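Notes for the structure review
Below, each chain spelled out in residue letters.
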Amino acid sequence: MEILIRETDEKHPLSVPQLVEKLNERGIEAERKSVYGDLNTLNNLPGTPFEIVQLRGRGGGYYMTETLFELAELKLLVDAVYASKFITARKSKTLIDKLGQFTSRYRQAELDRKVLVSGRIKSTDEKILYTVDALHAAITAGQQVQFKYCDWNLQKKMAPRHGGRIYQVSPWVLVWENGNYYLIAYTEGRLKHYRVDKMQGVRQLPDTVREGAEEYAAFDVNTYMQQMFGMFNGPLKKVTLQCENRFAGAMIDRFGTGPILSPCGDGEHFTITVPIQVSPQFFGWVAGFGPGVAVAGPPEVRAEMKRTLDSLQDLYR
């Protein structure tokens, strides 16, 4: 099976004598008759996800039509690895090389999709994967964790916040947003999020019990992620946006299909009302649509939007 997965596809079948030779290279003696029997046995395994096909004629032989992963699935996984900012460039290459073992060596070349990482910032911290693993372990065990939380400084190094204060939180779920991992955890009487690549020295606390079960039971991760922009917190408000009809797709991409798009009387605009954690990042997002999207309410959010735009205008005078 290993030979068929790595050495064959529809363009590169192997004949029985070639299979015998490759088995011999691995220290396994085999006769042609036994190889025919082995091929038949593999094809008739209960619940097998693959099929070994015989290609007849000159240059024919046997090849495997399906493996554990389809090539399109492997490409999808490779793209996800490349897109993940928290995975270092070196670890990305290692993971992609491992993924390549699940298809033929001929198709493996198609997984080399380096064009996707052009200009993309990748983490330089190899320990991030072990941090994620430690957090998953704590979530599974229902225990608290400790860590230091950091920010980038002008020397391009991660420096702990608040003089290296130790954070102790109850972890509930990990989410992936904009190529980064975030931990949703209960602390100080509410659920908060932390960017995993900014967490240092994560330590599981075996003698603790996770808190916040009642709050998490009423928590909707998807709604929480939709409310925030750039993962910045702010006061939660029900905000109404007035949009040109051409931005219907942009609103659905951002807020999903749940909110109602209400047509305006002019036939050229619609309104949408959604819960938003109002922050400067939200105002920047709205401003990015130019005159095509406006904050229609509530009045205090509309006024804050105007103050933001006025301050930007003053800055560039």
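This section reports on the structure supplied with the text. (Residues numbered from 1 in each chain as written. Predicted model: local features only at pLDDT ≥ 70, side-chain atom pairs only at ≥ 80, totals over all residues. Heavy atoms only, no water.)

This part is about the overall build of the protein chain. Of regular secondary structure, the protein chain possesses twelve helices and twelve strands. Relative to the compact-globule value of 20 Å for 317 residues, the protein chain shows a C-alpha radius of gyration of 27 Å, a clear excess of over 25%. Here the protein chain, with 317 residues, has 40% of them falling under the buried criterion. Contacts in the protein chain between residues far apart in sequence, at least 24 positions, make up 62% of those at least 6 positions apart. When the accessible surface of the protein chain is totalled, it reaches about 18,800 Å², and 53% of it is carbon and sulfur. (Helix = DSSP H or I, 4+ residues; strand = E, 2+ residues; numbered from the N terminus. Rg over C-alpha atoms; globule rule 2.2 N^0.38 Å. Buried < 20%, exposed > 50% of the residue type's maximum accessible area, 1.4 Å probe, protein only. Contact = heavy atoms within 4.5 Å. Areas by Shrake-Rupley, 256 points an atom, 1.4 Å probe, with all protein chains shown as cover.)

Moving on: a negative patch on the surface. A cluster of like negative charges, contributed by E51, E66, E70 and E73, occupies part of the molecular surface. Summarising the element assignment, E73 is placed in helix α4 (residues 71-83). (Patch = residues over 30% accessible without salt bridge, like charges linked within 9 Å, V, L, I, M, F, W, Y side chains within 5 Å. Salt bridge = Lys/Arg side-chain N within 4 Å of Asp/Glu carboxyl O. Lys, Arg positive; Asp, Glu negative; His and termini not counted. Charge placed at Lys NZ, Arg CZ, Asp CG, Glu CD.)

Let us now look at the packing of aromatic side chains. Aromatic ring pairs are reported here in terms of the distance separating the ring centres and the angle at which the planes meet. Evaluated as defined, the whole model comprises 16 aromatic pairs. Pairing F69 with F102 gives two aromatic rings, centres 5.2 Å apart and planes at 80°, and the pair type is edge-to-face. With F69 in the loop between β2 (61-64) and α4 and F102 in the loop between α5 (89-99) and α6 (105-108), this residue pair connects regions lying 33 residues apart in the sequence. F102 gets classed as partly exposed once you look at its relative accessible area, which sits at 31%. (Phe/Tyr/Trp six-rings, centres within 6.5 Å; stacked < 30°, edge-to-face > 60°.)

A few words now on unusual backbone geometry. With an omega dihedral of 0°, the bond running from G297 to P298 counts as a cis peptide bond. Residue placement: P298 occurs in the loop between β12 (293-297) and α12 (299-315). Phi at H162 takes a positive value of approximately 50°, unusual for a residue other than glycine. Within the secondary structure layout, H162 lies in the loop between β4 (158-160) and β5 (166-177). One non-glycine residue, E188, lies in positive phi territory at about 55°.

Attention shifts here to the environment of K237. Examined against the element boundaries, K237 turns out to sit in strand β9 (residues 236-244). Sequence separation of K237 and Q281 is 44 residues, and the distance between their C-alpha atoms is 15 Å. Leave out the neighbours within four places in its chain, and K237 touches V274, P275, I276, V278, E300 and V301.

L135, F147, L174, L183, Y194, V196 and M199 are the most contacted members of the largest nonpolar core, which totals 29 residues. Broken down by secondary-structure element, the contributors of at least two residues to this core are α4, α5, α7 (128-141), β3 (144-152), β5, β6 (180-187) and β8 (199-205). Ranked by residues supplied to this core, first place goes to α7 with six residues. For Y194, the residues in contact, after removing those within four places along its chain, are F147, Y149, Y167, V169, Y181, Y182, L183, A185, T187 and M199. (Core = buried A, V, L, I, M, F, W, Y, C linked by side-chain atoms within 4.5 Å.)

A sheet is described by the order of its strands in space; here four strands give the open sequence β10-β11-β9-β12, paired in antiparallel fashion. If you trace the sheet from one side to the other, it starts and ends with β10 (262-263) and β12, each paired once. Across the face of the sheet, α12 comes into contact with β9 and β12 while running at roughly 140° to β12. (Pairing = 2+ DSSP bridges. Axes fitted to C-alpha atoms, helices over the stretch in contact; angles between N-to-C directions.)

Right, let's get into the pattern of salt bridges. Per the counting criterion, the structure on display carries twelve salt bridges. Between K22 and E7 there is a salt bridge, with the nearest N and O atoms lying 4.0 Å from each other. Placement of K22 in helix α2 (residues 16-25) and of E7 in helix α1 (residues 2-7) is noted, with a sequence separation of 15 residues between them. E7 matches K22 in its accessibility class, with the two residues each being buried. For R246, the salt bridge is made with E244, and the minimal N-O distance between the two is 2.5 Å. Take R246: its relative accessible area is 62%, and that puts it in the exposed class. Linked by salt bridges that have partners in common, E7, K22 and R105 make up one network.

Summed over the entire model, instances satisfying the criterion amount to zero disulfides. Between C243, a free cysteine, and C264, which holds the nearest cysteine sulfur, the sulfur-to-sulfur gap is 8.6 Å. Assessed through its relative accessible area of 0%, C243 is described here as buried. (Disulfide = S-S within 2.5 Å.)

Glancing now at α7. Along its 14 residues, α7 runs 20 Å from first to last C-alpha, staying within 8% of the 20 Å computed at 1.5 Å per residue. Listed in full, the buried residues belonging to α7 are I128, T131, V132, A134, L135, A138 and I139. Viewed along the axis of α7, the buried residues span an arc of 160°, placing them on a single side of the element. Counted as exposed and oriented over 90 degrees from the buried face of α7: Y130, D133 and T140. At its buried positions, α7 is contacted by β3, β5, β6 and β8. A positive backbone phi angle near 70° is found at G142, which sits one or two residues after α7. (Expected span 1.5 Å × (residues − 1). Arc of directions from axis to C-beta.)

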